[in-house]
Amino acid sequence: MEGVGRPQGDDAELEAGGGRCAYQGAPGAFSHEACMDLRPWDEAVACDSFEAAIAALQAGDVGCALIPVENTAIGRVEPAATLVEAANLTVVSEVWRPIRLALMAPPGASLRTVKTAESHPVALRQCPAALAALGITPVEAFDTAGAARAVAEAGDLSRAAVAPARAAEVYELSILRNDIQDSEDNRTRFVLLSAGTA
């Protein structure tokens, strides 16, 4: 898979905010994975919302932002796509990345004990059939990895999270089932934004 690549003039030593890439979510989120894989030379900067990630770029706190805008299973990723369009920022590059959802829970949990699965609404829209087949009720949360963190902190064996497998490592959860996305070709398009001109 081809990476996004360093934009021309992206010099961490010279530019305000350079060397830092904003993303929405907690460490271990899909956007965090994208930053780590596609911008390994940058510090990945977690933001609580898409608005906050874009605002950090506009304020010069970061040199770029990596934002998901489209998914093959559900279409536009909202509100991210609308915010990107309205922000008047430069789209430097874009990349489609495979999205593999994992069902994870605290150690000791099993598919028999889990009653709910928490995740970002966009992720939950990518696996409704899988969750229904398992008899698990979806519960919306602000972020995939944020849901994993909350499930880990609670330690409740009836609660699970739908998140990237990497989030299970970050928050010391057990993966109960991999690849629970309903579509085998589940991919998300991320755009790399810059405040400057391309």
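For the structure, check the block above.
Presented here is a report on the structure given in the accompanying data block. (Residues numbered from 1 in each chain as written. Predicted model: local features only at pLDDT ≥ 70, side-chain atom pairs only at ≥ 80, totals over all residues. Heavy atoms only, no water.)

1. Describing the pairing of strand S1 (residues 20-24)
Stage number 1. Among the five residues that make up S1, four are buried, leaving the element largely enclosed by the rest of the structure.
Stage number 2. As judged from the five bridges shared by S1 and strand S2 (residues 43-47), these two strands associate in the parallel manner. If you follow Cys-21 over to S2, its bridge partner there is Ala-44.
Stage number 3. Each parallel crossover has a hand, and for S1 linked through helix H1 (residues 30-38) to S2 it is right-handed. (Buried < 20%, exposed > 50% of the residue type's maximum accessible area, 1.4 Å probe, protein only. Helix = DSSP H or I, 4+ residues; strand = E, 2+ residues; numbered from the N terminus. Pairing = 2+ DSSP bridges. Right-handed = clockwise from strand over helix to strand, strands pointing away.)

2. So, the side chain of Asp-42
Stage number 1. The residue Asp-42 is located in the loop between H1 and S2 in this model.
Stage number 2. In this structure the side chain of Asp-42 is engaged in a polar contact, spanning 2.6 Å, whose partner is the side chain of Arg-39.
Stage number 3. Of note is the side chain of Asp-42, whose polar atom sits 3.4 Å from the side chain of Trp-41. (Polar contact = N/O pair within 3.5 Å; in protein donor to acceptor, adjacent residues only side chain to side chain.)

3. A few points about the sheet that holds strand S8 (residues 137-140)
Stage number 1. Spatially, S8-S7-S9-S6-S10 is the arrangement adopted by the five strands of the open sheet, whose pairing is mixed. Two strands close off the open sheet at either side, each with one partner strand: S8 and strand S10 (174-177). Taking each pair of neighbouring strands and ignoring which way they run, the sheet shows an average axis angle of 40°.
Stage number 2. Of the pairings in the sheet, the one linking strand S7 (residues 116-119) to S8 comprises four bridges and is parallel in character. Among the inter-strand pairings, Ser-119 is bridged to a residue of S8, identified as Glu-140.
Stage number 3. Its contacts with the sheet put helix H6 (residues 144-154) on strand S6 (102-105), S7 and strand S9 (159-163), and the angle it makes with S9 is roughly 155°. (Axes fitted to C-alpha atoms, helices over the stretch in contact; angles between N-to-C directions. Contact = heavy atoms within 4.5 Å.)

4. Section: helix H2 (residues 50-58)
Stage number 1. The complete set of buried residues in H2 reads Phe-50, Ala-53, Ile-54, Ala-56 and Leu-57. Burial along H2 is one-sided: seen end-on, the buried residues are contained in an arc of 155°.
Stage number 2. If you follow the buried residues of H2, they end up packed against S1, S2, strand S3 (64-71), helix H3 (80-86) and strand S11 (187-194).
Stage number 3. Where H2 terminates, the next one or two residues include Gly-60, which has phi positive at roughly 85°. (Arc of directions from axis to C-beta.)

5. Notes on unusual backbone geometry
Stage number 1. Cis geometry is found at the peptide bond from Glu-78 to Pro-79, where omega equals 10°.
Stage number 2. With respect to the helices and strands, Pro-79 occurs in the loop between strand S4 (75-76) and H3.
Stage number 3. Within the chain, Glu-172 stands out as a residue other than glycine whose phi angle is a positive 55°.
Stage number 4. With respect to the helices and strands, the residue Glu-172 is situated in the loop between helix H7 (165-171) and S10.
Stage number 5. The phi dihedral of Asp-179 falls on the positive side, at around 50°, and the residue is not glycine.

6. Things to note about the packing of aromatic side chains
Stage number 1. The final tally for this structure, using the stated rule, is zero aromatic pairs.
Stage number 2. The ring of Trp-96 carries the charged tip of Arg-187 above its face, separated from the ring centre by 5.1 Å. (Phe/Tyr/Trp six-rings, centres within 6.5 Å; stacked < 30°, edge-to-face > 60°. Lys NZ or Arg CZ within 6 Å of the ring centre and 35° of its normal.)

7. Looking at the side chain of Asn-186
Stage number 1. Its location among the elements puts Asn-186 in the loop between S10 and S11.
Stage number 2. A distance of 2.6 Å separates polar atoms of two side chains, one belonging to Asn-186 and the other to Gln-126.
Stage number 3. If we ignore the near neighbours within four places in the chain, the residues touching Asn-186 are Asn-71, Thr-72, Ala-73, Arg-97, Pro-98, Ile-99, Arg-100, Gln-126 and Gln-181.

8. Let's talk about the nonpolar core
Stage number 1. Ile-54, Ile-67, Val-84 and Leu-193 are the most contacted members of the largest nonpolar core, which totals 22 residues.
Stage number 2. For this core, the secondary-structure elements that each account for two or more residues are S2, H2, S3, H3 and S11.
Stage number 3. The element that contributes the greatest number of residues to this core is H2, accounting for five residues.
Stage number 4. In this structure Ile-54 touches Ile-67, Leu-83, Val-84, Ala-87, Leu-89 and Leu-193, once residues within four positions along its chain are discounted.
Stage number 5. In this structure, Ile-99, Ala-117, Ile-136 and Ala-160 belong to the second largest nonpolar core, which totals 18 residues. (Core = buried A, V, L, I, M, F, W, Y, C linked by side-chain atoms within 4.5 Å.)

9. Overview of the pattern of salt bridges
Stage number 1. One pass over the full model with this rule turns up 12 salt bridges.
Stage number 2. One salt bridge connects Asp-42 with Arg-39, and the closest N-O pair in it is separated by 2.6 Å.
Stage number 3. The class for Arg-39 is buried, based on a relative accessible area of 1%.
Stage number 4. A salt bridge links Glu-118 to Arg-159; the shortest N-O distance between them is 2.5 Å. With Glu-118 in strand S7 and Arg-159 in strand S9, this pair connects stretches of sequence that are 41 residues apart.
Stage number 5. If you follow the salt bridges from partner to partner, you end up with Glu-33, Asp-37, Arg-97 and Arg-166 in one network. (Salt bridge = Lys/Arg side-chain N within 4 Å of Asp/Glu carboxyl O.)

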